[in-house]
Amino acid sequence: MQKIESVMRAVKYIDEHYTEELDFKKVASEFYISPYYFHRIFSSIVGMTVTEYIKERRLYEAGIYLSTTNKSIIDICYECGFRSSQSFTRTFKNFFQMSPSRYRKVGEIPVFISVNNRISQFKKNIEGGINVEPRIIECGDLIIAGVTGKGSETHKLWEEFETLISEIDIKNKKKEDCYEIRFYGENINQCHIGYEVSSKDNTDRYSFMELPASKYAAFEIYVSKGYDSSNEAIDKWLEDNKNKYIEILAKDGSNYAIEFYDDRFQGEDEESIVELWIPIKEI
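This write-up is about the structure you can find in this document.

Calculation notes
- Residues numbered from 1 in each chain as written.
- Predicted model: local features only at pLDDT ≥ 70, side-chain atom pairs only at ≥ 80, totals over all residues.
- Heavy atoms only, no water.
- Helix = DSSP H or I, 4+ residues; strand = E, 2+ residues; numbered from the N terminus.
- Buried < 20%, exposed > 50% of the residue type's maximum accessible area, 1.4 Å probe, protein only.
- Areas by Shrake-Rupley, 256 points an atom, 1.4 Å probe, with all protein chains shown as cover.
- Core = buried A, V, L, I, M, F, W, Y, C linked by side-chain atoms within 4.5 Å.
- Contact = heavy atoms within 4.5 Å.
- Salt bridge = Lys/Arg side-chain N within 4 Å of Asp/Glu carboxyl O.
- Axes fitted to C-alpha atoms, helices over the stretch in contact; angles between N-to-C directions.
- Parallel < 35°, antiparallel > 145°, perpendicular 65-115°, else oblique.
- Nonpolar A, V, L, I, M, F, W, Y, C, P; charged D, E, K, R; others polar.
- Phe/Tyr/Trp six-rings, centres within 6.5 Å; stacked < 30°, edge-to-face > 60°.
- Lys NZ or Arg CZ within 6 Å of the ring centre and 35° of its normal.
- Expected span 1.5 Å × (residues − 1).
- Arc of directions from axis to C-beta.
- Polar contact = N/O pair within 3.5 Å; in protein donor to acceptor, adjacent residues only side chain to side chain.
- Pairing = 2+ DSSP bridges.

**A few points about the overall build of the protein**
If you tally the helices and strands in the protein, you get 10 helices and 11 strands. Burial status across the protein gives 45% buried among its 283 residues. Of the roughly 15,200 Å² that the protein leaves accessible, carbon and sulfur atoms contribute 47%.

See the structure below:
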């Protein structure tokens, strides 16, 4: 997959330049990728942010130097890309649960998980077009301005929404990402499509959907693979994690889910991704 190749190139670049001033924007610029998009695909594949990977890469290298050389701690600090000994000591202790000097006495050589192993694990998590290891995210109150209708008429609702936004701009829009919210149950099959806004001070041609602050399990779905396996995979994840999380319902007792469309969504393109958010509560 193209995005996996992009991440592998980025990781190689980080491994070659981790001693320099480096952040996710600089890495993204080296490959002419949107920083936001790069940050998202890197996190989803590697399992940590670019910033976290750079930090871990530096710390593991420092651990190897401490255990295998007689270099001073201050020299190791700067050679591994840290800009102050205080920052290095604090970060190292938080990560390894011991100071650099103590780590040197123990003599343990850290084992760094290679990017190939991380990507291999990512591929194993993909089943039928859905990443079965979701991100757990927390989201504040949502106000979505858009159109509402029957869940069985989603295509028609998208056309209605696109026509509406071409005629009347949405005031107070917070970002360009789109939301498709589905409510379903024994007697409910409703869908709301729209943009997140900061308030309901908007034209009356738009309808509003308000959702309370919640925690979500965010599953990545590859559009080209279809949605056939998503419900089964999500049900399995909820069952496997029932001692930690439970799915929560809307105020009327119905189930609901959010499809989140950001710049990773590229229509029917092979790399196109939609996130499916399931509201959960931690036990």
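There's more to say after this.
**Here's the deal with the environment of Val-197**
Relative to the helices and strands, Val-197 resides in strand E6 (residues 189–197). A relative accessible area of 3% places Val-197 in the buried class. Separated by 52 residues in the primary sequence, Val-197 and Ala-145 have C-alpha atoms spaced 6.5 Å apart.

**Some details on the nonpolar core**
Among the nonpolar cores identified, the biggest contains 20 residues, and Val-7, Ile-14, Val-27, Phe-38, Phe-42, Val-46 and Tyr-53 are the most heavily contacted of them. Only helix H1 (2–17), helix H2 (24–30), helix H3 (35–46) and helix H4 (50–68) provide two or more residues apiece to this core. The dominant element in this core, judged by the number of residues it contributes, is H3, at 6 residues. Not counting residues up to four positions away in its chain, the partners in contact with Val-7 are Ile-41, Phe-42, Ile-45 and Val-46. Counting 17 residues, the second-largest nonpolar core is a separate cluster that includes Val-147, Leu-157, Leu-164 and Tyr-195.

**Side note on unusual backbone geometry**
Positive phi outside glycine occurs at Gln-97, with the angle close to 65°. Along the chain, Gln-97 falls in the loop between helix H6 (85–96) and helix H7 (100–106).

**Digging into the pattern of salt bridges**
Across all of its chains, the model carries 18 salt bridges by this definition. Put simply, Arg-83 and Glu-21 hold a salt bridge, and the shortest N to O gap is 3.1 Å. One end of the pair, Arg-83, is in the loop between helix H5 (73–79) and H6; the other, Glu-21, is in the loop between H1 and H2, with 62 residues separating them in the sequence. Across the pair Glu-79 and Lys-71 runs a salt bridge, and its minimum N-O distance is 2.7 Å. Note on Glu-79: relative accessible area 34%, which makes it partly exposed. What makes Lys-71 partly exposed here is its relative accessible area of 30%.

**Structural notes on the packing of H4 against H6**
Where H4 meets H6, the closest approach of the two axes is 11 Å, and the angle between their N-to-C directions is 90°. It follows that H4 is roughly perpendicular to H6 by the angle criterion. Where H4 approaches H6, its residues Lys-55, Glu-56, Leu-59, Tyr-60, Ala-62, Gly-63 and Leu-66 are matched on the opposing element by Phe-88, Thr-91, Phe-92, Phe-95 and Phe-96. Of the residues in the contact of H4 with H6, the class split is 8 nonpolar, 2 polar and 2 charged.

**A few points about the packing of aromatic side chains**
Applying the stated criterion to the full structure yields 19 aromatic pairs. Seen from the ring of Tyr-18, Arg-57 lies directly overhead, with NZ or CZ sitting 4.7 Å from the centre. Residue placement shows Lys-173 over the ring face of Tyr-195; its charged tip is 4.3 Å from the ring centre.

**Quick word on helix H9 (residues 154–167)**
The terminal C-alpha atoms of H9, which comprises 14 residues, lie 20 Å apart, in line with the 20 Å expected from a rise of 1.5 Å per residue. When H9 is considered as a whole, its buried residues turn out to be Thr-154, Leu-157, Trp-158, Phe-161 and Leu-164. Buried residues of H9 fall within an arc of 130° about the axis and therefore sit on the same side. Set apart from the buried face of H9 by more than 90 degrees, the exposed residues are His-155, Lys-156 and Ser-166. Lining the buried residues of H9 we find strand E4 (142–150), strand E5 (173–184), E6 and strand E10 (255–261).

**Some words on the side chain of Glu-275**
Structurally, Glu-275 can be placed in strand E11 (residues 273–282). Residue classification places Glu-275 among the buried residues on the basis of a relative accessible area of 0%. In this structure the side chain of Glu-275 is engaged in a polar contact, spanning 2.8 Å, whose partner is the side chain of Arg-135. Of note is the side chain of Glu-275, whose polar atom sits 2.9 Å from the side chain of Trp-277. Residues contacting Glu-275, with those up to four places away along its chain left out, are Arg-40, Arg-135, Ala-218, Phe-219, Glu-220, Ile-258, Glu-259, Phe-260 and Arg-264.

**Describing the pairing of E6**
With 7 of 9 residues buried, E6 lies mostly within the body of the structure. As paired elements, E4 and E6 share 7 bridges and run antiparallel to each other. What sits directly across from Ala-145, in E6, is Tyr-195. Where E5 and E6 come together, 8 bridges link them in antiparallel fashion. Residue pairing in the sheet places Arg-182 in a bridge with Cys-191 of E6. Connecting E5 to the antiparallel partner E6 that follows it, the hairpin turn spans 4 residues.

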